[in-house]
Amino acid sequence: MVNRYARGCSGWLLALVPIGLFVYFSTFASQVFQGESIILSYPWVTTLDIHLAFLVDGLSLMMVLIVTGIGALIYIYGGGYLKGDPLLGRFYMYLSLFMAAMVGLVLANNLLTLFIFWELTSISSYLLIGYKHNYADSRRAALTALFVTGAGGLALLAGLVVMGIAGGTLDISTILSNPESIQQSSLYMPILILVLLGAFTKSAQVPFHFWLPGAMAAPTPVSAYLHSATMVKAGVYLLARLSPALSGTEAWQTL
């Protein structure tokens, strides 16, 4: 609707949303710089101990500012790059879905909540990579990316569930405060391998790198956002987030 009525200004108008989020999360900087963490939790599936739990600390704040800050620029850039495209409104919708998924991913403080947003990034990236759906190369690249990152996501799901069993909770901050529960568990190696599979596929690391060149069939603003600034960083973020519970062992260093 914004694209229909705002015409050439749609990108600038839609960019106000991520700019607003960037400013909002920036207000937490003073607390985070003092070593504080802000945790928000809302009950969701209480019988399975699943909460919509979000954590703002140094790592998540840095990532959410990257996602929203660069996202605002991509709205503006994409509006100009795809000016006159009859499917521009669809592009904005897919981009907004992806951005929301990335924000949820980097802020998630529950293992299953993290996985849900993780998979939403795969689905929305599939839609963005296949934006030029009239071209066989775009459709093929989108399916390849979805297959690889989706398969890695299933491995990650298994790893996160086993981590929750070993740690006795799905709360990420609680697990990270007691890393011994993971590292001294007999389940440590399966957890480590499954989590690394999820991270490596998402970030296109060898031997799962082959999906990324084909994904460049997407419009340039998509590559600038997904494949340079955000989605491929999700694997790096995942390992950074879980490193207190997984790192420091010989297996971690070797892998």
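Because the structure is a prediction, the values reported are computed rather than measured.

About the thresholds
- Residues numbered from 1 in each chain as written.
- Predicted model: local features only at pLDDT ≥ 70, side-chain atom pairs only at ≥ 80, totals over all residues.
- Heavy atoms only, no water.
- Helix = DSSP H or I, 4+ residues; strand = E, 2+ residues; numbered from the N terminus.
- Rg over C-alpha atoms; globule rule 2.2 N^0.38 Å.
- Buried < 20%, exposed > 50% of the residue type's maximum accessible area, 1.4 Å probe, protein only.
- Contact = heavy atoms within 4.5 Å.
- Areas by Shrake-Rupley, 256 points an atom, 1.4 Å probe, with all protein chains shown as cover.
- Phe/Tyr/Trp six-rings, centres within 6.5 Å; stacked < 30°, edge-to-face > 60°.
- Polar contact = N/O pair within 3.5 Å; in protein donor to acceptor, adjacent residues only side chain to side chain.
- Axes fitted to C-alpha atoms, helices over the stretch in contact; angles between N-to-C directions.
- Parallel < 35°, antiparallel > 145°, perpendicular 65-115°, else oblique.
- Left-handed = near helix turned anticlockwise from the far one by under 90°.
- Nonpolar A, V, L, I, M, F, W, Y, C, P; charged D, E, K, R; others polar.
- Core = buried A, V, L, I, M, F, W, Y, C linked by side-chain atoms within 4.5 Å.
- Patch = residues over 30% accessible without salt bridge, like charges linked within 9 Å, V, L, I, M, F, W, Y side chains within 5 Å.
- Salt bridge = Lys/Arg side-chain N within 4 Å of Asp/Glu carboxyl O.

This part is about the overall build of the protein chain. When you go through the protein chain residue by residue, the secondary structure sums to 15 helices and two strands. For the protein chain, whose C-alpha radius of gyration is 19 Å, the value lies close to the compact-globule estimate of 18 Å for 255 residues. When its C-alpha atoms are laid out on the principal axes, the protein chain stretches across 60 × 40 × 35 Å. Looking at the protein chain as a whole, 49% of its 255 residues qualify as buried. Within the protein chain, residue pairs in contact and separated by at least 24 positions form 72% of the contacts whose partners lie at least 6 positions apart. Split by element, the accessible area of the protein chain, about 11,800 Å² in all, is 67% carbon and sulfur.

This model, assessed by the stated rule, comprises nine aromatic pairs. Here Phe25 and Phe28 contribute two aromatic rings whose centre-to-centre distance is 6.3 Å and whose plane-to-plane angle is 40°, an arrangement assigned as tilted. Exposure remark for Phe25: the relative accessible area of 8% places this residue in the buried category. Residue class for Phe28 comes out buried when judged on its relative accessible area of 14%. Here the aromatic rings of Phe54 and Phe117 are separated by 6.4 Å at their centres, their planes lie at 50°, and the arrangement is tilted.

As a rule of thumb, non-glycine residues mostly have phi less than zero, and peptide bonds are mostly trans rather than cis. The linkage connecting Val206 with the following residue, Pro207, adopts the cis geometry, with an omega of 10°. Position of Pro207 relative to the elements: it lies in the loop between helix H11 (188-202) and helix H12 (211-215). Unlike most non-glycine residues, Ala204 shows phi in positive territory, near 55°. Here Ala204 lies in the loop between H11 and H12.

Here Ser203 shows up in the loop between H11 and H12. At a separation of 3.2 Å, a polar atom in the side chain of Ser203 contacts the main-chain amide nitrogen of Gly235.

Further remarks concern the packing of helix H3 (residues 16-26) against helix H5 (residues 58-81). Contact geometry of H3 with H5 gives a least axis separation of 8 Å together with a crossing angle of 155°. In terms of their interaxial angle, H3 and H5 are classed as roughly antiparallel. Here the hand of the crossing between H3 and H5 comes out left-handed. Between H3, through Pro18, Ile19, Leu21, Phe22, Phe25 and Ser26, and H5, the contact on the second element is made entirely by Leu61, Val64, Leu65, Thr68, Gly69, Gly71, Ala72 and Tyr75. Tallied by class, residues from the contact of H3 with H5 come to ten nonpolar, four polar and no charged.

Okay, the environment of Leu55 next. Note on placement: Leu55 falls in strand E2 (residues 50-56). The exposure class of Leu55 is buried, given its relative accessible area of 5%. Residues Leu55 and Ser223 lie 168 residues apart in sequence; the distance between their C-alpha atoms is 28 Å. In contact with Leu55, not counting residues within four places along its chain, are Ser37, Ile38, Ile39, Ser60, Leu107, Asn109 and Arg241.

The N-to-C vectors of helix H7 (residues 111-129) and helix H8 (residues 136-167) enclose an angle of 175°; their axes lie 9 Å apart at closest approach. By the angle between their directions, the pair H7 and H8 is classed as roughly antiparallel. By residue class, the composition of the contact of H7 with H8 is 18 nonpolar, six polar and one charged.

Turning our attention to the nonpolar core. Nonpolar side chains in soluble globular proteins tend to be buried together. In terms of nonpolar packing, the biggest core is built from 76 residues, with Phe91, Leu114, Ile182 and Leu246 touching the most fellow members. Sorting elements by how many residues they give to this core places helix H6 (residues 88-107) first, with twelve residues. What Leu114 contacts, discounting residues up to four positions off in sequence, is Leu105, Ala108, Leu156, Leu160, Ile172 and Leu238.

Okay, a nonpolar patch on the surface next. On the surface, Leu13, Leu16, Ile19, Phe22 and Val23 cluster together to form a nonpolar patch covering roughly 440 Å² of accessible area. For the nonpolar patch, the element with the most residues is H3, which contributes four residues. Positionally, Phe22 belongs in helix H3.

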